[in-house]
Structure formats: structure tokens, C-alpha cells
Amino acid sequence: MRCLAPPHPSGSYLPDPQGSGQCATMELGPLEGGYLELLNSDVDPLHHYHLYDQMDLAGEQEIELYSEPDMDTINCDQFSRLLYDMEREEETGDTVFSAAFPEEHPTDLKHRKLADLSSPLVSCVTLPAGPIQFISTLPTLPQGLWQVSGLGTAVSSIFVYHGEMPQAKHTLPASGPAVHSLPKSPTRPGSTSPFAPSAADLPSMPEPALTSRTDATEDETSPPPCQATAEDAIQLSKWPEAVRQFHHSLQDWHQAEPTEPEVEVDLLRARLEKGSHKSQERELVIVDWAERQPVSGGLAEVLLAASNRRRLRETQVIAMLGKAGHGKSHWAQAVGRAWARGQLPQYDFVFYVPCYRLDYPGDTYCLKDLLCSPGPQPLAMDEEVFSHISRRPERILLILDAFEELEAQDSFLHGAGGPTCTEPCSFRALLAGLLQRRLMQGCTLLLTAQPRGRLAQVLGKADALFEVTGFSTEQAQTYVTCYFKGSEHREQALMLLQDQPFLLSHSHSPTLCRAVCQLLETLLQRGEEAKLPSTLTGLYVGLLDRAARDSPPGALVGLAKLAWELGRRHQSTLREDQFPTEQIRTWAVTKSLVQPVPGAAEAELAFSSFLLQCFLGALWLALSSEIKDKELPQFLALTPRKKRPYDNWMEGVPRFLAGLIFQPRARCLGALVGSAAAASADKKQKVLTRYLKRLQPRTLQAGRLLELLHCAHEASEAGIWMHVVRELPACLSFLGTRLTPPDAHVLGQALQAAGRDFSLDLRGTGIDPSGLGNLVGLSCVTRFRAALSDTVGLWESLQQRGETQLLQAAEDKFTIEPFKAKSLKDVEDLGHLVQTQRLRSSSEDTVRELPAVRDLKKLEFALGPTLGPQAFPKLAKILPAFSSLQHLDLDSLSDNKIGDTGVSQLSATFPQLKALETLNLSQNSITDTGACTLAEALPLLSASLLRLSLYNNCICDMGAESLARVLPEMGSLRGMEGVVQFNKFTAVGAQQLAASLRKCPRVETLAMWTPTIPFGVQEHLHQLDSRISLR
């Protein structure tokens, strides 16, 4: 049996029988305003809802019969969910009499909360003991459907049906037409009720009602794909004709074929580093290669999963970051294509808006202008379409591409309030309303940006961060293969790229990979012996060579000046009227140096790539007489000035400038602008030569040192290159500096050219396995440090490939001295390293220790009071493997609180720690129990231990007595600074320690001061033995 509890129809309310044992009878009464009346009427139920929502207060008072505090009601969504649950239970053959009701009973029907079956505010109707009367008040009820009364005041009546639900052939009485079905609500895909309003139609709904579904699982909240497709088809068929046309046109626009080969780049989960409150800039956390978290399924899967976990009316902000040319716009456009193909059914509309179109002046714009006017949308959005979209923000995905091109992004999160959908304002105000989650509440915002500038405050509010890392070597080769698909030059193009490792390393950028393919295509079509250049400057000179020869007089220089001026304003688009002449504009468009912006409101053009704009800007600096020669070094951005520093927004300019100034005129500047114009760069060359040779590379930060190496490589001038590599420090640390594939390649070339030995610290660089292997394999690298997980992964890869010689070198050169464990991951990685040694020894005939494990002498443990007790047992298990350990610091300015249990585990390792000289157990919550355990094990270290510290623990007199007994046995002990300072023993324990000290002539000092010892006693002990320190 199935049990339905509809809301009380008007006129059907009867008082409680007040405990009489008789079964109360309840007539159905008139059905005005009831659900059955709605089911039997021809009027759209949503019309009834909107009509009711606009009733005045007087009208609300007339229907106050629902406001009794002891009455329960069931809303439309619950009624529909109840039908669904009953149909599921019918499959199992169970008989259920239950209904769900919210516990809250608002007196104002307009503000009634919509509860959810998954929330804790759920109760079941329990049928009372005694007879239940079935009354057929309707002349002809469908077969198997009865009305139950006598349930008290909680429920007016329940309709019980047995077996299948009444179908369309069953008719109710002549009060209305037959009920054919319960159609889906056009605005609530998850509801089967025709009168369930959408969230957008409930402006006054209280917040708790909007978040009552947060505990639902993903399977409960997201329908299967086939079900979602069917629901979307039903929903689309009920939309107005203008909305359907706009929807189909938007799909067609997104389905436009890409203009270049599609090769997916890796998408990784990312997070921002913790910055100080004074700093507005925060970089992405550099993750070790082995710890990267790639996103399977791409950004479409990310959006699908995020929408399933999102609360109703909760705007979701997702940020996708990456360097220029790494494929952010490609990803954003791929999301639009995925939606057009039906892979994102949770969105009705996807809008793609490049942010460089939003810097229009004026404050006369509204949300409709943001969605359509400056963007490439195919149709004008009329009021009917906009009204449909604005009522359903949770079904909207808005993509804001190149967000970093907007100035002062941090101001978007500040302001008195966001505008409304119809209130005129500026585009910046509209963006502020979206990012403050006050405009279009419930929509999804997808931001793409470069990780630079003052984006920290905006990105810090994002619900999810992802990073686009560019191509791997294999993906770059796949791109080249797709680019030359069907061409006879495909294999030759791949060979030429592999023969030039510098450009191959730069091909991790999709933009540069495309530029390499374009140059390869040009070279191979000439039919002569082709060879790729060895610098980025040579690459772009080769690309512009033919365009420069066919250019009008002064065209290239004029375009270069435009590129530089726009870059100084952080812009990459220009209007047609900004060109010096119409002839130059036509030439630039014909040669694909600039491209029309599709769908722009005005005639706008954009440079074909950001790197091309950087190259043209550097060309202007090299040729311009407007730039003073003494100002030229600042544009290399190697030693930034304190006053009016160069912001280096065009980050490719320094390398291109060095290449254009120093490379031979005939094949560089002279090939582009002629030998006469190129001669003007001679004086600039002398200025930069003097500047670069005065630099001291060993004093530069790691990031600027890498930039200097790139500039010296682009210059291709032997004197500058040798000056830079000879001044490199012997110990090179790149700790916390990102190393890209081009960085690793140039660094390797510099180390080889220096002709001496180096030690490298590559921790926290995110270096890829190929780059790590190339650097480690250099004979001039005698020692290196890198992430433990990445190093072990490299060893395993080399062993699988059978490169035993390189594996031997990688193991011998690797060191972890000194090692400081600051996280649980550090302890786990150290354990993995020890496990690798044990497995290696068990598989080989001769026992061979890894030098990194064998030679570790100093180990610090600083995980803090929360993770310290959890991680120390793991550390204690592997401590015996470090046979050369001399310094074990379990304090390191961090309260690890390993406690008495940790001391017991540590004491068990003393027999293997034969070389231990310093043991620091300060601030670890050690009591008398731990002190006694330690005292019993200390004689095992009597031959090596020089310094011991038990500062700031909880040791009392009994623990002090145990330590006093063992001190004379510690023949090697010299320093006891802080050994018992700031503990809890009294004068009794102090006197025992002082007496023991007299038997230890080799001990130089004993710090004993503690607040529990009377000062007079301490003074007396100090007078007896001056080695007792009162500090």
C-alpha cells in the first residue's frame, strides 16, 4: 500500500477528537486552492503560484487556517519525492504508511520554508491504534485509491492506493478533466511536481530553506545521464520560442571548429601560497612532480562534479591559472564545445566573455550587456530571453577569459553592494557584483588568468583553483604530428624539432609549439636544407622575415611601437584607427600579425599571440631613439630600481631585447628592418655589454639568475656567456623557485660551459623527471638535493629503462643532509627512501647502502603539537637505518609533544645510533615516566653523546633522581645546557642533580633554573659548583 498526505484543502479542517476512542470521520469538503483542484484544472499551476505570491497582507489573513502551530504541511517538492519513494518501495513489495513534513510552521505562507527529505527536519505519520475508516467521499474514485481519515489534527486526510498509480484512463469526478500525469516542472529538473517553483521565483525564501539539501549524496542529487538528457529535452520543449532559438544559436557558435590541432594539456589542482597581510601578491604553491594532482576528464568533469556538490543559490567561482600561451583560452573554449555537445547538462546557457572587452568607460551597462554586447554571442538578447535567463542563475555558466587584463582586480571584492540585473552601472561594477556573489546568485563563474599581479584577493575567494601546465614532450610531438597531418614533411618536421633541444623544451608552451610548426612549414616548403634556430629570437625573426620583406615602408617599426605602447598599458587589443595608415593595417592583417576579434562591438584587432607582442615591443626598444640608452638596462628586469620600477608585464621582452641587440645584424635586426636602421642599435649594444659584465651572478636571487642565463643564451655572444657562467656560485640553490623545461635546459648548458663542479639544490622547483635526469647526469654536478618523492621516482624510472650507469650516478650524488621534517609527507617520504634501500639490499647479493641514508648526520623533527605525536612513531621505525646520525633535534622551536610514549620508542633505537652526539628532547611533554625510561637507555650512548637537553618538560623529583643516577655513567657528556631547565622538580631533585654533577668532571655546564626551586637553594648550589647555571 502507498500513503499520500496532501495539504489541507480549504474547508476540510476538523478539530481533534480530543481522545475519544471513536474513529473520527473527515469529509473532503471543497477543494478551492487544494492540489487536487490544481490537478483537475486547465490553468497553468505556476500561474496560481505567481498570483498567490502577489497577494496583499489582507489576502494572506483570509487564509490563516494554515498558521496553526500544531499543524504539519507538506510542500510540492516533498509530495513529488514521496511519490518517487513509494514507487521504489513498491518494487520490493513492502507496504509503507509514511509521509514527511517539516517541523517548522511559519505563520506567513509567503515565507514558508521548503524542507527536504534528506534534512533532519523530517517526521513520519504514524497511524493511530484502532479502526481506520475508508470513506469514498468522491462519487467515483479510481480503483485502488481511498481516503483515510481519523488521523487527528496532524493530517487532514491521506489518500491510500494499492498497486500501480492511477493512469490517465482513471478519471476523478466531474469536477475537472482527467489527470494525465505529473509533468516535470520547467524550472526544477529534479522535481516531478507541476507547481514546484524555481529558486529564482522565490526572492523572499529564507536561507535555511535554500541549503537544506547539503547532506544529500552525489547519487541522490544528480540524475543519470540518460535521465538528465530526457529531462533537458522536456524542459527545452517548454521554453518560449525566442529562448529556444537563442539556445540553439549559442550552441552552434560554441560548436565552431577550432582553428588549430586540439591536443589536451594537463590540468592540475592548485592552491595559493600563504602570504603576509602586507603583500598583495601570492604565487601558486610549487608542487613536487610526484605529488601533482591531475584532473581526470578535464574541466568539463570538474564543472559537473562541482555542480553536484553546490548548494542552491550559491555562486561558485572556479579559477584556472597558467602562464601566457599555455592553453587557458583553449580550455575555456573547450568547455563551451562540451556544453554544446550536451556534456554539461547542468547548464542551460554558457557565455564566453574575454575580459579585455570589459574595459569600456561609462556606467550605462546592465547584466544583459555583459552577457552579449561586448562578447561574441550570436544573437541579440531580447527582454524575454534575458528574463528567462535571469530567473534561473543556477543554470548559467559564465566564462571570464584573461581576467588579469583588467586593472586593479582586488577592487572587485570591495564595495557597498552589487547592482541588480536591471540597474545601469559600469562593467567593473557588474563584475564586482558577480564576484561578491550578489548578482546572479547561484551561477557558476569560470575565471582564466595568469598567476601574476594583484589577483590574490580574488583567487583567495575561489571555490577551486586549477593550473594549466602546458605540453609535455610527448604532447608537443603529438601536436606537431597533428599539425602536419597529411603532409609529406611530417617525419622530417619531427626530426628537425628533436635535433634542436632548446626549442623542444620551449614547446611545452602551446603557443611556442605552434610558432615552431609555422616556421617548420615555411622552411620545408622552400625545399632547401632546413634547420631550426637555437634561440627564441631566431624563431620569431624567421617567422617575420617574409612579412618584413613585403611590408610597406616603416610598417614593422610602426606596428612594433603600437605593441610596446599597448603593453605598457597592459593591453593586447587595438582599434583599427590606431594604425599609422590603412595600408599598414591591411598588411598586418594579411600577414596574420594581428587578427580581428570575433564578435567585438567595434572593429577591434588583437595580436596573434602574447609572445609576438613581446617580440615586437623588444624590437621597438632596440630601434627607438625615444628610449634613452642609459634607461635600456632597466628593461632587462635583472636589477629592478626601487623608485619607479619596471613592472615587466611583457615578460618576454628582456630575452628578445638581448637577442635583437647582440645577435649578428645580418640575420637578426638587419633581416627585419635593413642594415641602415639596424646600425642605430650599436650604441645600445655597448651600454648593455657594460651593464651585463658588471653584474655579479652570485649575488642575484634564483629567479633573476635564471633570467640572466636566458638573456645570455639569447644574446649568443661568447664574451657575455662566459662571463655569466664563470661567475656562477659553486653551490646553486633554486629552493622554492619554479624550474620549467627551458630553465632546466639553459641551466644545464651553463653548468657544462663553466668547466667546474657544482652542487645543486632543486627542492621545491617542480622540475619534471626529464629535466632532473639531465641535470643529475652531468659530470660537473657532484651533489644534488631534490624532492624525495621525485628522486625515488627517477631512480625507479632509470632502473626500469636499464640505465644502470645513470642510476648509479643519481644514487651516489643524492644527499638529504641536513634533513628537516616539517610535515607528515616529509616523514613518509623519508620512510619511502629507507624502504627503497631495504628492498634494494634484499634483491642484491651484496648489501649496498644508499649514500643519502648512510651519510645523514643531522635530522630535525618539527611537526608541532598536533602532527608530532602522530608522525613520530613512523620516524622512530626508520631511525635505526641512519647509522651515521650525529644530531637528533626533536624540538626545533616547535612543541612536538612526543610524550613518554615517544621517549620509549626513541630509547629502543639507541643501540643502532652509535654516532649520536646531540639529543634535543626539549618541549615534548615528558614526565617522570619518560625520564626514567630515558635514564635506563642513556648508558647505550655513553661513548658518543656530547650534549643532552630536556628543557621545558614536566619532569619532577623522581625523574630528576633517575637522571642523577645515570649522569656519572655518561663519560662523553660535555654540555647539558637546558638539560633540566624549566621543569617541575623541587629542591630535592636539584640537590640530587648537584651531587651527581660532582661525579662528572667532564661536564662543563648544567642549566638547572626552574620556578619550582627556591632561589636561595639555587644560589647555594651555584656557590657549591660554579658549573650550575642559573640562566
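This structure is a prediction, so every number in the text was calculated from the model and none was measured.

Some points on unusual backbone geometry
In this chain, E817 is followed by P818 through a cis amide linkage whose omega measures -10°. Phi at A402 takes a positive value of approximately 60°, unusual for a residue other than glycine. Its place among the elements puts A402 in the loop between β8 (396–401) and α13 (427–435). With a relative accessible area of 13%, A402 lands in the buried category. A positive phi angle, near 55°, is found at M440, a position not held by glycine. As for its placement among the helices and strands, M440 is situated in the loop between α13 and β9 (444–449).

With respect to helix α19 (residues 536–549)
Helix length check: α19 (14 residues) gives 20 Å between terminal C-alpha atoms against 20 Å at 1.5 Å per residue, within 8%. Residue L543 marks the point of greatest curvature in α19, where the axis turns by about 35°. Burial within α19 is extensive, with 10 of its 14 residues counted as buried. Listed as buried for α19 are L536, T537, G538, L539, Y540, V541, L544, D545, A547 and A548.

Details of the pattern of salt bridges
One side chain can pair with another of opposite charge once the charged atoms of both are near each other. All told, the structure shown has 25 salt bridges when counted by the stated rule. Put simply, D855 and R854 hold a salt bridge, and the shortest N to O gap is 3.0 Å. By relative accessible area, which is 33% here, R854 ends up partly exposed. The network of salt bridges with shared partners includes D288, K825 and D829.

Observations concerning the packing of aromatic side chains
Under the definition given, this model contains 18 aromatic pairs. Each ring, one from Y483 and one from F484, has its centre 5.2 Å from the other, and the planes form 65°; the classification is edge-to-face. Note on Y483: relative accessible area 24%, which makes it partly exposed. Aromatic side chains F610 and W649 sit 5.4 Å apart centroid to centroid with 90° between the ring planes, which places their arrangement in the edge-to-face category.

Examining the sheet that holds strand β13 (residues 604–607)
Ordered in space as β11-β13-β12, the 3 strands form an open sheet in which the pairing is antiparallel. For this open sheet the edge positions go to β11 (573–575) and β12 (594–596), each flanked by a neighbour on one side alone. For this sheet the average axis-to-axis angle between neighbouring strands, irrespective of direction, equals 35°. In terms of strand pairing, β11 meets β13 through 3 bridges, oriented antiparallel. Considered in β13, the bridge of R575 is made with E604.

Re helix α30 (residues 769–776)
Listing the buried residues of α30 in full gives G771, L772, G773, L775 and V776. Contacts made by the buried residues of α30 are with α29 (741–754), β15 (758–761), β16 (781–785), α31 (788–801) and α32 (804–813).

Describing the pairing of strand β18 (residues 858–861)
One ladder, built from 3 bridges, connects strand β17 (residues 819–821) with β18; its direction is parallel. For A821, the partnering residue across the bridge sits in β18 and is F861. In this sheet, strand β19 (residues 887–889) lies alongside β18 in parallel orientation, the contact comprising 3 bridges. Each residue of the ladder has a partner; that of E860, found in β19, is D889. The β-α-β motif built from β18, the intervening helix α35 (residues 864–878) and the parallel element β19 has right-handed crossover chirality.

A word on the environment of A563
Within the secondary structure, A563 sits in helix α20 (residues 555–568). Judged by its relative accessible area of 0%, A563 falls in the buried class. Among residues more than four places away in sequence, those in contact with A563 are F607, Q613, L616, G617 and M650.

Looking at the sheet that holds strand β10 (residues 464–468)
The strand order across the open sheet formed by 6 strands is β5-β10-β6-β9-β8-β7, and the pairing between neighbours is mixed. Of all the strands in the sheet, just β5 (267–269) and β7 (349–354) have a single pairing partner and so form its edges. For this sheet, the mean inter-axis angle between neighbouring strands, taken without regard to orientation, is 20°. Sheet topology note: the β8/β9 ladder contains 4 bridges and is parallel. Bridge pairing in β9 places L400 opposite L447. Running over the sheet, helix α10 (residues 328–340) touches β5, β6 (316–321), β7, β8, β9 and β10 and is turned about 160° from β7.

Focus: the nonpolar core
Within the largest apolar cluster, 260 residues are counted, with the highest numbers of intra-cluster contacts made by F351, L616, L751, L830, L833, F861 and M1008. Sorting elements by how many residues they give to this core places helix α22 (residues 610–623) first, with 12 residues. The contact partners of L833, leaving out residues within four places of it in the chain, are L788, V792, W795, I816, L850, A852 and V853.

Details of the state of the cysteines
In total, this model carries 0 disulfides according to the counting rule given. Free of any disulfide, C425 has its nearest cysteine sulfur in C366, 8.1 Å distant. The class for C425 is buried, based on a relative accessible area of 8%.

Things to note about the side chain of K328
Within the secondary structure layout, K328 lies in helix α10. For K328, a relative accessible area of 9% puts it in the buried group. Within the local environment of K328, its side chain forms a polar contact with the backbone oxygen of G322, the two atoms lying 3.1 Å apart.

Remarks on the packing of helix α37 (residues 928–937) against helix α38 (residues 957–966)
The interhelical angle for the contact between α37 and α38, taken along N-to-C directions, is 10°, at an axis separation of 8 Å. Put simply, α37 runs roughly parallel to α38. Along its contact with α37, which presents D928, A931, C932 and A935, the element α38 presents D957, M958, G959, S962, L963 and V966.

Some thoughts on the confidence of the model for the chain
Residues of the chain with pLDDT of at least 70 account for 71%, and the chain-wide mean is 77. At the level of individual helices and strands, the chain shows its lowest average pLDDT in helix α5 (residues 207–210), which scores 32, and its highest in β15, which scores 97. Predicted confidence for residues 45–73 stays below pLDDT 50, and this span has 45 contacts to residues more than four positions away or in other chains. Here residues 87–229 is modelled with pLDDT under 50, and outside its nearest four sequence neighbours on either side it reaches 299 contacts, counting other chains as well.

Some details on the environment of S426
Structurally, the position occupied by S426 is in the loop between β8 and α13. Looking at S426, the relative accessible area reads 22%, which means it is partly exposed. For S426 and Y365, which are 61 residues apart along the polypeptide, the C-alpha to C-alpha distance reads 5.7 Å. When neighbours within four sequence positions are excluded, S426 is seen to be in contact with G362, D363 and Y365.

Reading the values: the criteria
- Residues numbered from 1 in each chain as written.
- Predicted model: local features only at pLDDT ≥ 70, side-chain atom pairs only at ≥ 80, totals over all residues.
- Heavy atoms only, no water.
- Helix = DSSP H or I, 4+ residues; strand = E, 2+ residues; numbered from the N terminus.
- Buried < 20%, exposed > 50% of the residue type's maximum accessible area, 1.4 Å probe, protein only.
- Expected span 1.5 Å × (residues − 1).
- Bend = angle between axes of the 7 residues up to and from the residue.
- Salt bridge = Lys/Arg side-chain N within 4 Å of Asp/Glu carboxyl O.
- Phe/Tyr/Trp six-rings, centres within 6.5 Å; stacked < 30°, edge-to-face > 60°.
- Pairing = 2+ DSSP bridges.
- Axes fitted to C-alpha atoms, helices over the stretch in contact; angles between N-to-C directions.
- Contact = heavy atoms within 4.5 Å.
- Right-handed = clockwise from strand over helix to strand, strands pointing away.
- Core = buried A, V, L, I, M, F, W, Y, C linked by side-chain atoms within 4.5 Å.
- Disulfide = S-S within 2.5 Å.
- Polar contact = N/O pair within 3.5 Å; in protein donor to acceptor, adjacent residues only side chain to side chain.
- Parallel < 35°, antiparallel > 145°, perpendicular 65-115°, else oblique.
- pLDDT = per-residue confidence, 0-100.

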